[in-house]
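Remarks on the overall topology
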Amino acid sequence: MLKKETPSRWIYDYFSPYEVHKHALKQTLYHGHSEYQEIVIAETECFGRCLILDNEFQSAERDEFIYHESLVQPALILHPKPEKVAIIGGGEGAAIREVLRHRTVTKAVMVDLDEKVVECAKKYLPSFHNGCFSDERAKLLFEDGRKFLEETDETFDVIIIDITCPIEEGPAYKLFTKEFYDIVKQKLTPQGALSVQASTVSHTALATYTVISRTLKEVFTNVSPSVAHIPFFAMLWGFCLASNGLDPNQINKDEIDRRISERVDGELRFYDGITHQALFNLPKYVRKALKEQTHINRDNKPLMEQYPGRA
Ligand code: SAM
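Residues numbered from 1 in each chain as written. Predicted model: local features only at pLDDT ≥ 70, side-chain atom pairs only at ≥ 80, totals over all residues. Heavy atoms only, no water.

1. Let's talk about the packing of aromatic side chains
Let me state the cut-off plainly: Pairing of aromatic rings covers Phe, Tyr and Trp, the last through its six-membered ring, and needs centres within 6.5 Å; plane angles under 30 degrees mean stacked, over 60 mean edge-to-face, and all others mean tilted. The criterion is that NZ of a Lys, or CZ of an Arg, lies within 6 Å of the ring centre and within 35 degrees of the ring normal, and then a charge sits over that ring.
Inspection of every chain in the model, using the stated rule, returns nine aromatic pairs. The structure contains a cluster of three or more aromatic residues connected by ring pairs, namely Phe47, Phe57, Tyr67, Phe232, Phe233, Trp237 and Phe239. Above the face of the Phe156 ring, Lys84 is positioned so that its terminal group lies 5.6 Å from the ring centre.

Written out as structure tokens, the structure reads:
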């Protein structure tokens, strides 16, 4: 039997200084710096192409559908008729791809700080955006997401926050505070929903996730944290759904499947009525940590993660 050679090139995803997930590297497709961050697009043996920003692994070709369907679909399915949607961040184009599957959506505005990330995604990550930037309902803007929401006169039925984690000196930490969520609330229609990517959920790193959830509770009446296992990250990943009236635990699985078949183009690969229940039914230790978290993240002392490694 032919024995496969041990790969000689690896990239490292540090979870902490003491724990690392390493991926065999096929090739580096792009490595450069924008005005805001370091950008790497690599092709790995197991997960295909992936995006890495400031050493943080963002998403990978083989399983990004799990991350992006978990982030986008519950909010849009829960909303009675989502028409106008804003995506803050989401540089790969996969979050807006998921939004544009919905036939009810008439306008999807994506606001990413970094034009270079989107340029790279257009060139090297075609399966992520799947050509959706040329959909006539899509509008692409390059500016800070907080500034956009502060200044726009528009309101949205759903706002998706798909930005990088709040690392020190990174471009995103001001978009995780109570003051930011106050702005978001003003830009949502009365039945509107917010969905936030909420960082890692592991026994060694629960702080960001639980603080995001606690902070959202200061602003919204319904806050529902969820988790999905993302094989590329080798751990659970957190999301938070917030609104003033929509409750993901009050919709049954048949109604979710009915709305999917009525509203969504193409076949979802991860999300349906059964997966919805799995997303919002959290393990006991996670529920306990959420309950015990008291910290509210504020502009004058924003939460900042220390990124432990180098890619
Ligand atoms: N899946 C990701 C993760 O694991 O954190 C997030 C996806 S996406 C690639 C993150 C995007 O957020 C990047 O394209 C980055 O340019 C954008 N971003 C960061 N800070 C931002 C800000 N202040 N306003 C708008 N976009 C921002």
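Having put the structure on the table, let's press on.
2. Brief notes about the environment of Met235
Worth spelling out the cut-off: For the purposes of this entry, the term helix denotes a DSSP run of H or I that reaches at least four residues, the term strand denotes a run of E that reaches at least two, and both are numbered from the N terminus. In this scheme, a residue with accessible area under 20% of its type's maximum is buried, one over 50% is exposed, and one in between is partly exposed, where area comes from a 1.4 Å probe on protein chains only. Here, two residues are considered to be in contact whenever any of their heavy atoms come within 4.5 Å of each other.
Among the secondary structure elements, Met235 is positioned in strand E12 (residues 235–243). With relative accessibility at 12%, the residue Met235 sits in the buried group. Once the C-alpha coordinates of Met235 and Tyr285 are considered, the two residues, 50 residues apart in sequence, prove to be 15 Å apart. Not counting chain neighbours up to four residues away, the residues in contact with Met235 comprise Phe15, Thr200, Ser202, Ala228, His229 and Ile230.

3. So, the nonpolar core
Inclusion rule: Here, nonpolar core refers to any group of buried Ala, Val, Leu, Ile, Met, Phe, Trp, Tyr and Cys residues whose side-chain atoms link them within 4.5 Å. The start and end points of each domain follow an automatic or database-based domain assignment.
Counting residues in each nonpolar core, the largest one holds 52 residues, and the members touching the most others are Ile87, Ile96, Val99 and Ile160. With nine residues, helix H1 (residues 64–78) is the single largest residue contributor to this core. Counting the residues that make up this core, at least three belong to each of domain 1 (10–60) and domain 2 (64–292). Those residues within four positions of Val99 in sequence are excluded, and the remaining contacts are Val72, Leu76, Val85, Ile87, Val105, Ala108 and Ile160. Judged by nonpolar contacts, the second largest core, of 36 residues, contains Ile159, Phe180, Val201 and Leu216.

4. A closer look at the site of the ligand
Formally: Throughout this document, a residue counts as near a molecule or strand when at least one of its heavy atoms sits within 4 Å of that molecule or strand. Polar contact criterion, stated in full: a pair of N or O atoms within 3.5 Å, where within protein one must be able to donate a hydrogen and the other to accept it, and residues adjacent in sequence count only if both atoms are side-chain atoms. Per-residue and other accessible areas follow the Shrake-Rupley method at a 1.4 Å probe size, with only the shown protein chains counted as cover for residues. Classification convention: Asp, Glu, Lys, Arg as charged; Ala, Val, Leu, Ile, Met, Phe, Trp, Tyr, Cys, Pro as nonpolar; all other residues, Gly among them, as polar.
The immediate surroundings of the ligand are formed by 26 residues, with Gln37, Asp112, Asp144, Gly145 and Pro171 found nearest. Gln37 places a side-chain nitrogen or oxygen 2.9 Å from an oxygen atom of the ligand. Here Gly91 contributes a backbone N or O atom positioned 3.5 Å from an oxygen atom of the ligand. Within the complex, 100% of the 590 Å² of free accessible area of the ligand lies under protein. Contributing elements (two or more residues each) for the shell around the ligand: strand E4 (48–53), strand E5 (56–60) and strand E7 (107–112). Taken together, the residues that form the shell around the ligand break down as 12 nonpolar, eight polar and six charged. Looking at the shell around the ligand, you find at least three residues from each of domain 1 (10–60) and domain 2 (64–292).

5. Description of helix H8 (residues 253–263)
What counts here: To obtain the arc, one takes the directions from the helix axis to the C-beta atoms.
Buried within H8 we find Ile256, Arg259, Ile260 and Arg263. The buried residues of H8 occupy an angular sector of 100° when projected down its axis, which confines them to one face. Residues of H8 that are exposed and point more than 90 degrees away from the buried face comprise Asp254 and Ser261. Looking at the buried positions of H8, the neighbouring elements they touch are H1 and helix H9 (273–280). Between the side-chain oxygen of the N-cap and the backbone nitrogen of Asp254 there are 3.1 Å, and the N-cap of H8 in question is Asn252.

6. A closer look at the domain arrangement of the protein chain
Condition: Buried area: the sum, over both parts, of the accessible surface (1.4 Å probe) that disappears when the two are put together. We count a salt bridge whenever a side-chain nitrogen from Lys or Arg sits within 4 Å of a carboxyl oxygen from Asp or Glu.
Segmenting the protein chain into domains produces domain 1 (10–60) and domain 2 (64–292). For domain 1 and domain 2, the distance between their C-alpha centres works out to 22 Å. Facing 22 residues of domain 1, the contacting portion of domain 2 comprises 23 residues. Here domain 1 meets domain 2 over a buried area of about 2200 Å², counting both sides, of which 69% is carbon and sulfur. The three residues of domain 1 that bury the most area against domain 2 are Tyr36, Glu56 and Ser59, which together make up 22% of that side's buried surface. Applying the counting criterion to the domain 1 and domain 2 interface returns zero salt bridges. Our count for the domain 1 to domain 2 interface comes out at six residue pairs in polar contact (both at pLDDT 80 or more). The set of elements that each furnish at least two residues to the side of domain 1 that touches domain 2 consists of strand E2 (19–33), strand E3 (38–44), E4 and E5. Considering only residue class, the side of domain 1 that touches domain 2 consists of 12 nonpolar, six polar and four charged.

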